[in-house]
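Structural overview
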Amino acid sequence: QVQLVESGGGLVQAGGSLRLSCAASGSFFSISAMGWYRQAPGKQRELVATITSGGGTNFAGSAKGRFTISRDNAKNTVYLQMNSLKPEDTAVYYCRVVVSSTLSYWGQGTQVTVSS
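In what follows, the accompanying structure is described. The model shown is predicted, which means the values in this text are computed figures rather than measured ones.

Taken together, 4 strands build an open sheet; the order of strands is β1-β3-β8-β7 and the sheet is antiparallel. The strands lining the two open edges of the sheet, one partner per strand, are β1 (2–7) and β7 (67–72). Along the sheet, successive strands turn relative to each other by an average axial angle of 15°, direction set aside. Bridge count between β7 and strand β8 (residues 77–82): 6 bridges; the pairing is antiparallel. The residue bridging Phe67 from the neighbouring strand is Met82, located in β8.

Within the element layout of this structure, Ser21 appears in strand β3 (residues 18–26). Within the structure, Ser21 has its side chain in polar contact with the side chain of Ser7 (distance 2.8 Å). Ignoring any residue separated from it by four or fewer positions in sequence, one finds Ser21 in contact with Val5, Glu6, Ser7, Trp36, Val78 and Tyr79.

Our focus in this paragraph is the nonpolar core. Ranked by size, the top nonpolar core spans 28 residues in total, and within it Trp36, Leu80, Met82 and Tyr93 carry the most contacts. Listing elements by their share of this core, those giving two or more residues are β1, β3, β4 (33–39), β5 (46–52), β7, β8, β9 (91–100) and β11 (110–115). With near-sequence residues (within four places) excluded, Tyr93 lies in contact with Glu6, Leu20, Trp36, Tyr37, Arg38, Val48, Phe67, Leu80, Met82, Gly109, Thr110 and Val112.

Cut-offs and rules
- Residues numbered from 1 in each chain as written.
- Predicted model: local features only at pLDDT ≥ 70, side-chain atom pairs only at ≥ 80, totals over all residues.
- Heavy atoms only, no water.
- Pairing = 2+ DSSP bridges.
- Helix = DSSP H or I, 4+ residues; strand = E, 2+ residues; numbered from the N terminus.
- Axes fitted to C-alpha atoms, helices over the stretch in contact; angles between N-to-C directions.
- Polar contact = N/O pair within 3.5 Å; in protein donor to acceptor, adjacent residues only side chain to side chain.
- Contact = heavy atoms within 4.5 Å.
- Core = buried A, V, L, I, M, F, W, Y, C linked by side-chain atoms within 4.5 Å.
- Buried < 20%, exposed > 50% of the residue type's maximum accessible area, 1.4 Å probe, protein only.

Next up, the structure:
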């Protein structure tokens, strides 16, 4: 009933920038938090960054200082600005919307590839 539409992925050179967006639509009363996760081939999915509806943020150590997460609560949209990209950032990036501690939704994923 809830759909997440991600966009902004692509191929960039090391040191470049990319901005991901994720828009949530459907039936829900509120959103507690939104975030971005990534999964490289053969690797476990990991947290990149999260943001609560109140604006609190959390970042993976590898993303801190390079990535910025923001949101537009009125549009139920979350963004991930990625700067100084490295080849190790290459992964499928997934948007997540947390409705409650027991309910969350995932996007379909968008590919980010960083060439050396």
